[in-house]
Amino acid sequence: MRPVSVWQWSPWGLLLCLLCSSCLGSPSPSTGPEKKAGSQGLRFRLAGFPRKPYEGRVEIQRAGEWGTICDDDFTLQAAHVLCRELGFTEATGWTHSAKYGPGTGRIWLDNLSCSGTEQSVTECASRGWGNSDCTHDEDAGVICKDQRLPGFSDSNVIEACVRLKGGAHPGEGRVEVLKASTWGTVCDRKWDLHAASVVCRELGFGSAREALSGARMGQGMGAIHLSEVRCSGQELSLWKCPHKNITAEDCSHSQDAGVRCNLPYTGAETRIRLSGGRSQHEGRVEVQIGGPGPLRWGLICGDDWGTLEAMVACRQLGLGYANHGLQETWYWDSGNITEVVMSGVRCTGTELSLDQCAHHGTHITCKRTETRFTAGVICSETASDLLLHSALVQETAYIEDRPLHMLYCAAEENCLASSARSANWPYGHRRLLRFSSQIHNLGRADFRPKAGRHSWVWHECHGHYHSMDIFTHYDILTPNGTKVAEGHKASFCLEDTECQEDVSKRYECANFGEQGITVGCWDLYRHDIDCQWIDITDVKPGNYILQVVINPNFEVAESDFTNNAMKCNCKYDGHRIWVHNCHIGI
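Residues numbered from 1 in each chain as written. Predicted model: local features only at pLDDT ≥ 70, side-chain atom pairs only at ≥ 80, totals over all residues. Heavy atoms only, no water.

(A) Structural detail: the overall build of the chain. Counting its secondary structure elements, the chain contains six helices and 33 strands. Relative to its full complement of 586 residues, the chain shows a buried share of 55%. A total accessible area of about 25,100 Å² is found for the chain, and carbon and sulfur atoms account for 49% of it. (Helix = DSSP H or I, 4+ residues; strand = E, 2+ residues; numbered from the N terminus. Buried < 20%, exposed > 50% of the residue type's maximum accessible area, 1.4 Å probe, protein only. Areas by Shrake-Rupley, 256 points an atom, 1.4 Å probe, with all protein chains shown as cover.)

(B) The state of the cysteines, seen in detail. In this structure the tally under the stated criterion is twelve disulfides. Covalent S-S linkage joins Cys 114 and Cys 124, the inter-sulfur distance amounting to 2.1 Å. Disulfide Cys 114-Cys 124: the torsion about the S-S bond is 115 degrees, which places it as right-handed. Residue Cys 114 is located in the loop between β5 (106-109) and β6 (141-144), and its partner Cys 124 is located in the loop between β5 and β6; the two are separated by ten residues in the primary sequence. Exposure remark for Cys 114: the relative accessible area of 11% places this residue in the buried category. Through a disulfide, Cys 301 is tied to Cys 366; the S-S separation comes to 2.0 Å. Here the S-S torsion is close to 85 degrees, and the disulfide linking Cys 301 with Cys 366 is therefore right-handed. Taken as a pair, Cys 301 in the loop between β16 (296-300) and α4 (307-317) and Cys 366 in the loop between β18 (340-342) and β19 (376-380) lie far apart in primary sequence, 65 residues in all. Both residues of the pair, Cys 301 and Cys 366, belong to the buried class. Its sulfur unpaired, Cys 570 is 6.2 Å from the next cysteine sulfur, which belongs to Cys 568. (Disulfide = S-S within 2.5 Å.)

(C) Looking closely at the nonpolar core. Among the nonpolar cores identified, the biggest contains 31 residues, and Phe 435, Phe 471 and Leu 546 are the most heavily contacted of them. Those elements that provide at least two residues to this core are β20 (386-388), β26 (472-477), β31 (542-550), β32 (565-572) and β33 (577-584). (Core = buried A, V, L, I, M, F, W, Y, C linked by side-chain atoms within 4.5 Å.)

(D) Structural view of the pairing of β26. In terms of residue burial, β26 counts as a mostly covered element, since five of its six residues are buried. Taken together, β26 and the strand that follows it, strand β27 (residues 483-489), pair antiparallel across an intervening segment of five residues, in which Gly 481 is found at a positive phi of about 95 degrees. Pairing of β26 with β31, which is carried by six bridges, proceeds in the antiparallel orientation. Within the sheet, the bridge partner assigned to Leu 477 lies in β31 and is Ile 545. (Pairing = 2+ DSSP bridges.)

(E) Quick peek at the environment of Leu 236. Structurally, Leu 236 can be placed in the loop between β11 (223-227) and β12 (244-245). Taking C-alpha positions, Leu 236 is 6.5 Å from Glu 202, a pair spaced 34 residues apart along the chain.

(F) Inspection of the sheet that holds strand β23 (residues 437-441) at higher detail. Taken in spatial order, the four strands of this open sheet run β20-β23-β29-β28, and their pairing is antiparallel. Strands with a single pairing partner mark the edges of an open sheet, and in this sheet they are β20 and β28 (498-499). As judged from the two bridges shared by β28 and strand β29 (residues 521-525), these two strands associate in the antiparallel manner. Residue pairing for β29: Cys 499 is matched across the bridge by Cys 521.

(G) Structural detail: the side chain of Ser 390. Its location among the elements puts Ser 390 in helix α5 (residues 390-396). Beyond its immediate stretch of four places on either side in the chain, Ser 390 contacts Met 566, Cys 582, His 583 and Ile 584. (Contact = heavy atoms within 4.5 Å.)

(H) Layout of unusual backbone geometry. Pro 426 follows Trp 425 through a cis peptide bond whose omega is 0 degrees. Mapped onto the elements, Pro 426 comes out in the loop between α6 (408-412) and β22 (429-434). In this structure, Phe 554 is a non-glycine residue whose phi angle is positive, near 55 degrees. Turning to its location among the elements, Phe 554 is positioned in the loop between β31 and β32.

(I) Seen up close, the packing of aromatic side chains. Across all of its chains, the model carries nine aromatic pairs by this definition. An angle of 75 degrees between the planes, with centres 5.1 Å apart, marks the rings of Tyr 331 and Trp 332 as edge-to-face. Overall, Tyr 331 belongs to the partly exposed group, its relative accessible area being 40%. Overall, the relative accessible area of 6% leaves Trp 332 in the buried class. When the centroid spacing of 5.1 Å and the interplanar angle of 75 degrees are considered together, the rings of Phe 435 and Tyr 474 count as edge-to-face. On the criterion of sequence distance, the pair formed by Phe 435 in the loop between β22 and β23 and Tyr 474 in strand β26 is long-range, its members being 39 residues apart. Taking the relative accessible area as the measure of exposure, Phe 435 reaches 0% and is therefore buried. What links up through ring pairs into an aromatic cluster is the set Trp 330, Tyr 331 and Trp 332. One cation-aromatic arrangement involves Arg 163 over Trp 183; the distance from NZ or CZ to the ring centre is 4.0 Å. (Phe/Tyr/Trp six-rings, centres within 6.5 Å; stacked < 30°, edge-to-face > 60°. Lys NZ or Arg CZ within 6 Å of the ring centre and 35° of its normal.)

(J) A look at the pattern of salt bridges. For the coordinates displayed, the defined rule picks out 31 salt bridges. Put simply, Arg 368 and Glu 328 hold a salt bridge, and the shortest N to O gap is 4.0 Å. A residue pair is termed long-range when its members are at least 10 positions apart, and Arg 368 in the loop between β18 and β19 and Glu 328 in the loop between β17 (321-326) and β18 qualify at 40 residues. Take Arg 368: its relative accessible area is 27%, and that puts it in the partly exposed class. Note on Glu 328: relative accessible area 31%, which makes it partly exposed. (Salt bridge = Lys/Arg side-chain N within 4 Å of Asp/Glu carboxyl O.)

(K) Focus on the side chain of Asp 256. Within the secondary structure, Asp 256 is located in the loop between β12 and β13 (258-261). Among buried charged residues, Asp 256 stands out as having no salt bridge; its nearest opposite-charge side chain is Arg 174, 4.6 Å away. Among the polar contacts made by the side chain of Asp 256, one reaches the main-chain amide nitrogen of Gly 220 at a distance of 2.7 Å. Here the side chain of Asp 256 touches His 253 through a polar contact of 3.0 Å, side chain to side chain. Ignoring anything within four residues of it in the chain, the contact list for Asp 256 reads Arg 174, Thr 185, Val 186, Leu 212, Ser 213, Gly 214, Ala 215, Gly 218, Gln 219, Gly 220 and Ile 224. (Lys, Arg positive; Asp, Glu negative; His and termini not counted. Polar contact = N/O pair within 3.5 Å; in protein donor to acceptor, adjacent residues only side chain to side chain.)

(L) Here's a closer look at the environment of Val 81. Mapped onto the secondary structure, Val 81 falls in helix α2 (residues 76-85). Counting along the chain gives 34 residues from Val 81 to Ser 115, while the straight-line C-alpha distance between them is 8.7 Å.

(M) Expanded view of the sheet that holds β27. Taken in spatial order, the five strands of this open sheet run β27-β26-β31-β32-β33, and their pairing is antiparallel. Where the open sheet ends on each side, the last strands, each with one partner, are β27 and β33. The sheet shows a mean angle of 20 degrees between the axes of neighbouring strands, taken without regard to direction. As judged from the eight bridges shared by β31 and β32, these two strands associate in the antiparallel manner. Paired with Asn 543 across the bridge in β32 is Lys 571. (Axes fitted to C-alpha atoms, helices over the stretch in contact; angles between N-to-C directions.)

Structure, rendered in structure tokens:
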């Protein structure tokens, strides 16, 4: 299972860099300071997110180029050697499968084999420098003992990975910076083009086109790290600019700073267009392809076309976000364009153009070949952005042994493990891991169910409508990602439980009211309501990961899906459970 992670480059900066130049060998901007010490001219550092100062993805600089280590055959003995290279006394653990996010550039070492007593990683056996058959999804990490080697000086302060959130177009958004493993925003006091240009260049773009104030790219959540940033415009990082450390009374999220960056021209928007829609923001998607022969326009097969693909199409069109990705477009006239020229399109949602997504190439395969089943989009300049309050999950988690006679409604809605079907109803009980979910909308548009009220499903047992079949996934995973228990939460009632001071509630479920979450409001599912749990009756004692994913099927478009997942570490002894280190991002 590939983890979703925080990119070390912004997705836009990385993609533009790949389009316009070579990025390999560029250092990742979100790493801690490089370690001195090192062997035979090598340098070592810890990188990635989220992490503490003594843990992270291991990166090695060789011949001026930073790279990673593959996790194949990696052991605690290798971690001991690397932790000493990094200036720590020893290792307490190691990680695999890019737990701290995938790196970039070279993979320097593969099949690394150490006894643990080596003075340098160069003394360990491996396939040789730069010889690897791995991908960055297999990057290894280490967890070092938080004790420094005598005489090794390095603070490993984690202050870096500027990122943009909430923007409708590549190269624009709310500015967020990383400090002590926590993302936070920047106050707009004294925010200007010089500071904005530093951000844009740090992300791999050109200079800034506009410095935005007043939370024009939406309000952030949590910490505000910087205020009164004064840059000359030549600094390599925003942290290098003189600034004021924020205090609680200094600034609010209504003053979050943002940027619009200048982007190199790629011409991608000339290879896509919409036809048949009622406005320029909607229609059947047509793309231009080349040879053999002259350039020609054609349609996209609607099979498996969804929100992620529509997001890329709207971005390429310069029309912002996708409200809907449509697999049937019979109600839009296609004119004289009838040929399907692209099929099997599968996107991650971060691509700049559809030709960067996986697809069938010249071998067109489409289950339904009529033009009525070709892909369409409805685009919008704004979108919602849901974020789970991770600290509340950690604070409210507990175990309940609930009698079966109180779980008939939950069983009807498939909120129990499959083994419950063979239980001796109504006798016995199920062991439930309960917790509260507080889901904030930090975007620039309300979060609304995809289906209208006419298609909501009434559930007699609980006495409410479901506007979304699955609103959240709850999973218990082993440390290597194997699922051992799962739960799900239908949108029993999407409503504004509470809002920020200057925001009024708009959605309320009573009396068959409209459902949704207003921008600046949050919906609270308390720990004591039905199905707000994972059935862990069959889970054995051990160390696990609690994972919560909002809007898991991408039914509703959002400006950012990377913050829809939360993970916590769990320790279960068969009677009690400890939930800790809850954080956003997989």
